[in-house]
Structures are given as C-alpha cells and as structure tokens.
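Examination of the molecular architecture
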Amino acid sequence: MASDLKTIAEKVYGGERLDVEDGRALFASRDIREIGRLAHVVRQRLHGDTTYYNVNRHFNYSNVCALSCKFCDFYRKKDQAGAYEYSLDDVRQQAQLAMEAGATEIHIVGGLHPWLPFEYYTDLMQAVHEVYPELHIKAFTAVEIVHLARISKRGKDIDGVLLDLKEAGLGSLPGGGAEVFDDRCHDAAFKGKIRSDRWIDVHRSAHRLGLMSNATILYGHIESHEDRLQHLLMLRESQDEAIEKGYPARFQTVIPLPFIPGRSEMSNLPGPTGLDDLKMLAISRLMLDNLAHVKAFWIMQTLELAQLSLQFGVDDIDGTVVWYDITKVKGDTSTHQEVTVNTLRQTIYEAGFEPVERDTLYRRIERDGPNWRLAGSEMVGTGS
Ligand code: V47
C-alpha cells in the first residue's frame, strides 16, 4: 500500500525506520512544509539546536583528469589551457597557510591524473603532515583510491593503498565521487568512473581500517526521484553493515550536492531549484536514520539556502573553505570562495540555532583566533 505523509509522521514520531514506499511518497509529495517539519523533528532529536561548522581549507592538487565526465566543469586534459598540477612545495605552502589561519581540516581531492606516480600521493600526505601535524587530512574520493590502486607499481589493492596513505597522514575520506549510483545515469553522465559497487567497496575498506568517511549524492541533473531514493537506500544499507559488523569507522555525514551546470557538457540543464534543494536535504535526513549528520555545502547550495536548510534537517554547513575549484556559482570563474567564521556563526545564530565549531570527527573545538584545541585538551598554538 502506498504511504502518505500521515503514516510517515507516525513513524517519525515513533522513531521507526522509513521504507522504500515512504521514500517514494516523500519524493512524490508537494507538501514541502510537512516534509521539512518531519526532518526537523529528527534533526532536533539528534542534535537539538546545535549546528556545526568548521575552519577548513580545500586544496585541489590537479585538475588534469583521464576521465571526461559530462557533468564536470573542473577537469582539463593535459596541455589544455588552464590545466595544472601542484608541486610538493605548493602543498607545503598550503599547509603553512592553513596553520597560520588555525584551520583544523584540509580537504584534498583532484582529477585522475594520468602520470603522477603513486608516491606523489603519499608524499603529498607527508608534506602536509610534516608542516602541520595537527591538521586533519581528509583526502581522495573512492574514485581516486581505485585509480591509485591501478597505478601503484606493486599492484596494491584498496586496503594496501588506504594503509599506505593512512601511514603517511591521511585522516579520513571525503564523500565525493558517488554521483548517483544508478547505472543508466552512470553511463550517460560519468561513464568511465567506478560504479556504485566499487565506490561502496572503498568506503567499506576505509571503515574496516578505521578511517571515517562521508557520502555524497549529486542530484538535479538527469536522475529520477527513484534513482535518488535507491542511492540513499544503498548508503543506508552500507552503514547498517558497518554497524552490524562492528567496523571501527563508518559514514559520518551525507552531503547532497546540487548539480551546478557551469560550463560542463550538461550546461543545457538548469540544475535543481531551491525548493528541490530543501526537499532533497530533508528527505536525506528522513531516510538516512543511521547517519548522524546532514550537511549543506554552502559553496553549492549557497549560504542563504544553507541557512534556511537548518529548518529542513540539516545540522552542518561545512566551513570557511577559502579556495574551491570544482564548482563556481553565479558564473564566476574565481576559485576564491571564502566565508569568515563570523559570517558562519552569524548565519547560524540568525536562523535560531547554536553554532558549534567542530573538527572533522565532530568533536567540539575551543578557539582563540587562530589558536584552537579540542574541548578539554591542550591548546594548539598554530597562529602566527
Ligand atoms: O565528487 C562535480 C561533485 C564532488 C559538479 O566529504 C559537482 O565533507 C555539482 O564531494 N555540480 C566534490 N557537483 C565535492 C565533495 C564534497 C564537498 C564538500 C564536502 C565533502 C565532504 C565532499 O563535487 C565531486 C562531484 O560529485 N561535482 N561537478 C557540478 N558540476
């Protein structure tokens, strides 16, 4: 029997898991207020008024990519205008800047570079770690990890790659590269990328090896509501497995990413509307009962919508970011996309919530300018 929002509300109040029919009913419903209200019930139960942000940096080591995904506006082919790859000295400089600013996290991803050797990636981790050991390195999507396994001369498997990176300083995996798990979408928009089973395999390995990770879904392009729902259910199933098997790590956060047409090959598509953004965030909160956090990535959803989304199930609006090269909103071509801590806090306060600075693992941070510490421990004296 098809579900309606009344049945779903009863389940939400009773703390019961929503099933696939409930998910279909949520996507089919036009009652955005009720969907938002229910997601808010779950969010309040889990986090009260707490809303997380962090002081972070993004670093894209290279935009050169062997793939040519149609939705992607970031990749360049080698020798194409605008193609770049950063040296280890550039990386050290980034780590130094992150240290001076008192960042707690650096998020490092790049294209599938055709000739950089495996050692570049471990050296990259080590370079950051040597300059600023307190900085949490969240790096490499599952797609990059599979690429590293392919290029490693000694034929490393996924576990081997993750262990080497971990030893070199890797702290956790970001959620990128998942796109939409559906095969039809895969073949039409990101053929050549790993499929859903491989993406989940990599995260399973990370969780087994004690590396926390995040999960994304790229929505608002050629996928259907059913594709979005199946994607969320696959993530939920994978998290169930991590919990049941007692893996030391799991998915922390889901980050629904709205498709930004930019100058991609799919720039003829409009991308999702604000209403769709709110609905997607709220449904993610409702369906993913075993993931602790839902993040609106303000770079993509905009800070204005991220603020509103706090009433729609979201408890995290990401961080200060500073430089971001993968998507640019408002037709801008600059990679400088930064908000200050004051703006993030003000945005959260104004929406009626309590801003809490977190580290990558959602531990509270106490801060005095660029100097910070995990709540209750020694101050990290990083600022200049
Ligand atoms: O993997 C690429 C997506 C992802 C476009 O784990 C696009 O904390 C929209 O994963 N429009 C990278 N999205 C971003 C990402 C992320 C961001 C913030 C936090 C975390 C985290 C992860 O961006 C890519 C891809 O799925 N992407 N092109 C586009 N045109």
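Residues numbered from 1 in each chain as written. Predicted model: local features only at pLDDT ≥ 70, side-chain atom pairs only at ≥ 80, totals over all residues. Heavy atoms only, no water.

1. Topic: the overall build of the chain
The criterion, for reference: Counting from the N terminus, the helices are the DSSP runs of H or I reaching at least four residues and the strands are the DSSP runs of E reaching at least two. Exposure categories follow from relative accessible area, calculated using a 1.4 Å probe and restricted to protein chains: below 20% of the type maximum is buried, above 50% is exposed, and the middle band is partly exposed. Whether two residues touch is decided by their heavy atoms; if any such pair falls within 4.5 Å, the residues are in contact. Surface accessibility in these figures is a Shrake-Rupley result with a 1.4 Å probe; residues are shielded only by whichever protein chains are displayed. The sign given to each residue is positive for Lys and Arg and negative for Asp and Glu; His and the chain ends receive no count. Positions of charges follow a simple convention, taking NZ of Lys, CZ of Arg, CG of Asp or CD of Glu.
The helix and strand inventory of the chain stands at 14 helices and 14 strands. Taken over the C-alpha atoms alone, the chain extends approximately 60 × 50 × 45 Å along its principal axes. For the chain, buried positions account for 59% of its 384 residues. Across the chain, every contact between residues at least 6 apart in sequence was considered, and the portion connecting residues at least 24 apart equals 73%. In the form shown here, the chain has an accessible surface area of approximately 15,800 Å², with 49% of it arising from carbon and sulfur atoms. On the chain, the mean spot of the 44 positive side-chain charges and the mean spot of the 56 negative ones are 2 Å from each other.

2. A few points about the site of the ligand
Stated formally: Residues are classed as near a molecule or strand on a simple rule: at least one heavy atom within 4 Å of it. A 3.5 Å cut-off defines polar contacts: any pair of N or O atoms within that distance qualifies, except that in protein one atom must be a possible hydrogen donor and the other a possible acceptor, and neighbouring residues in sequence count only when both atoms are side-chain atoms.
Around the ligand, 23 residues are found, and the nearest of them are Lys138, Gly175, Gly177, Glu179 and Ile260. Contacts to the ligand include Phe71, whose backbone N or O atom sits 3.0 Å from a nitrogen atom. At 3.0 Å from an oxygen atom of the ligand is found a side-chain nitrogen or oxygen belonging to Asn214. Compared with its free state, where it exposes 610 Å², the ligand has 96% of that area covered by protein.

3. Focus: helix H9 (residues 196–208)
Stated precisely, the cut-off is as follows: Expected span of a helix: the number of residues minus one, times 1.5 Å.
Taking 1.5 Å per residue, 13 residues should reach 18 Å; H9 reaches 18 Å between its end C-alpha atoms and fits that length. Inspection of H9 places Ser196, Trp199, Ile200, Val202, His203, Ser205, Ala206 and His207 among the buried residues, and these make up the whole buried set. Looking at the buried side of H9, the elements it contacts are helix H6 (142–151), helix H7 (158–168), strand E5 (170–173), strand E6 (212–219), helix H10 (225–244) and strand E7 (251–258). With its phi angle positive at about 85°, Gly210 sits one or two positions after the end of H9.

4. Some words on the nonpolar core
Side chains of nonpolar character tend, in soluble globular proteins, to be buried together. Heads up, the condition is: The nonpolar core is taken to be a set of buried Ala, Val, Leu, Ile, Met, Phe, Trp, Tyr and Cys residues, with the residues joined through side-chain atoms within 4.5 Å.
With 119 residues, the main nonpolar core has Leu26, Ile108, Met125, Ile145, Leu165, Trp199 and Leu286 as its most contacted residues. Contact partners of Ile145, with chain neighbours within four places excluded, come to Phe140, Ile158, Val161, Leu162, Leu165, Leu173 and Val202.

5. As for the packing of helix H2 (residues 20–28) against helix H11 (residues 274–287)
Put simply, the test is: Orientation is described by axes fitted as lines to C-alpha atoms, over the contacting stretch for helices, and by angles from 0 to 180 degrees between their N-to-C directions. Just so you know how the angles are binned, under 35 degrees is roughly parallel, over 145 roughly antiparallel, 65 to 115 roughly perpendicular, and the rest oblique. What makes a crossing left-handed is the near helix being turned counterclockwise from the far one by less than a right angle; a clockwise turn instead makes it right-handed.
Orientation of H2 relative to H11, taken along the N-to-C sense of each, is 165°, at an axis distance of 11 Å. Classified by the angle between their axes, H2 and H11 sit roughly antiparallel to one another. Our pair here, H2 against H11, has a crossing hand that is right-handed. Where H2 abuts H11, its residues Gly23, Leu26, Phe27 and Ala28 lie against Lys279, Met280, Ile283, Leu286 and Met287.

6. A word on the side chain of Asn214
Structurally, Asn214 is set in strand E6. Asn214 sits in the buried class, given a relative accessible area of 5%. In terms of polar contacts, Asn214 uses its side chain to reach the side chain of Thr253, at 3.4 Å. Leave out the neighbours within four places in its chain, and Asn214 touches Lys138, Leu173, Pro174, Gly175, Trp199, His203, Phe251, Gln252, Thr253 and Ile255.

7. Side note on helix H4 (residues 88–101)
A turn of α-helix holds 3.6 residues, and therefore any two residues three or four places apart point the same way. In plain terms, the rule: Working definition: the arc comes from the directions between the helix axis and the C-beta atoms, pointing outward to the latter.
Counted at 1.5 Å a residue, the expected span for H4 with its 14 residues is 20 Å, and the 20 Å between its end C-alpha atoms agrees. For H4, the set of buried residues is Val91, Gln94, Ala95, Ala98 and Met99. On an axial view of H4, the arc spanned by its buried residues comes to 140°, and they lie on one face. Packing partners of the buried residues in H4 comprise strand E2 (56–60) and helix H5 (118–131). Remark: Gly102 follows H4 within two positions and exhibits a positive phi of approximately 75°.

8. Describing the sheet that holds E7
Formally: DSSP calls a pair of strands paired once it identifies at least 2 bridges connecting them.
Strand order in the open sheet formed by seven strands is E2-E3-E4-E5-E6-E7-E8, with parallel pairing between adjacent strands. Looking along the sheet, the strands with just one partner apiece sit at the ends: E2 and strand E8 (293–294). Where E7 and E8 come together, two bridges link them in parallel fashion. Considered in E8, the bridge of Thr253 is made with His293.

9. Things to note about the sheet that holds strand E12 (residues 354–357)
The three strands are arranged E9-E1-E12 in an open sheet whose pairing can be described as parallel. Taken across any chain shown, the strands that pair with only one partner, and hence form the sheet edges, are strand E9 (316–319) and E12. The mean inter-strand angle of the sheet, taken between neighbouring strand axes irrespective of direction, is 25°. Two elements, strand E1 (residues 50–54) and E9, share two bridges in a ladder whose sense is parallel. Each bridged residue has a counterpart across the sheet, and for Asn54 the counterpart in E9 is Gly319. The sheet strands contacting helix H14 (residues 341–350) are E1, E9 and E12, and the helix crosses E1 at an angle near 165°.

10. Topic: the pattern of salt bridges
Put simply, the test is: Whenever Lys or Arg places a side-chain nitrogen within 4 Å of a carboxyl oxygen from Asp or Glu, that contact is recorded as a salt bridge.
Summed over the entire model, instances satisfying the criterion amount to 27 salt bridges. Across the pair Glu241 and Arg204 runs a salt bridge whose closest N-O atoms are separated by 2.8 Å. Note that Glu241 is positioned in helix H10 and Arg204 in helix H9, a separation of 37 residues in sequence. Classification of Arg204 by relative accessible area gives partly exposed; the value is 25%. A salt bridge links Glu241 to Lys245; the shortest N-O distance between them is 3.7 Å. Accessibility expressed as a relative area gives 18% for Glu241, which makes it buried. Here the residues in one salt-bridge network are Arg198, Asp201, Arg204, Glu241 and Lys245, joined through shared partners.

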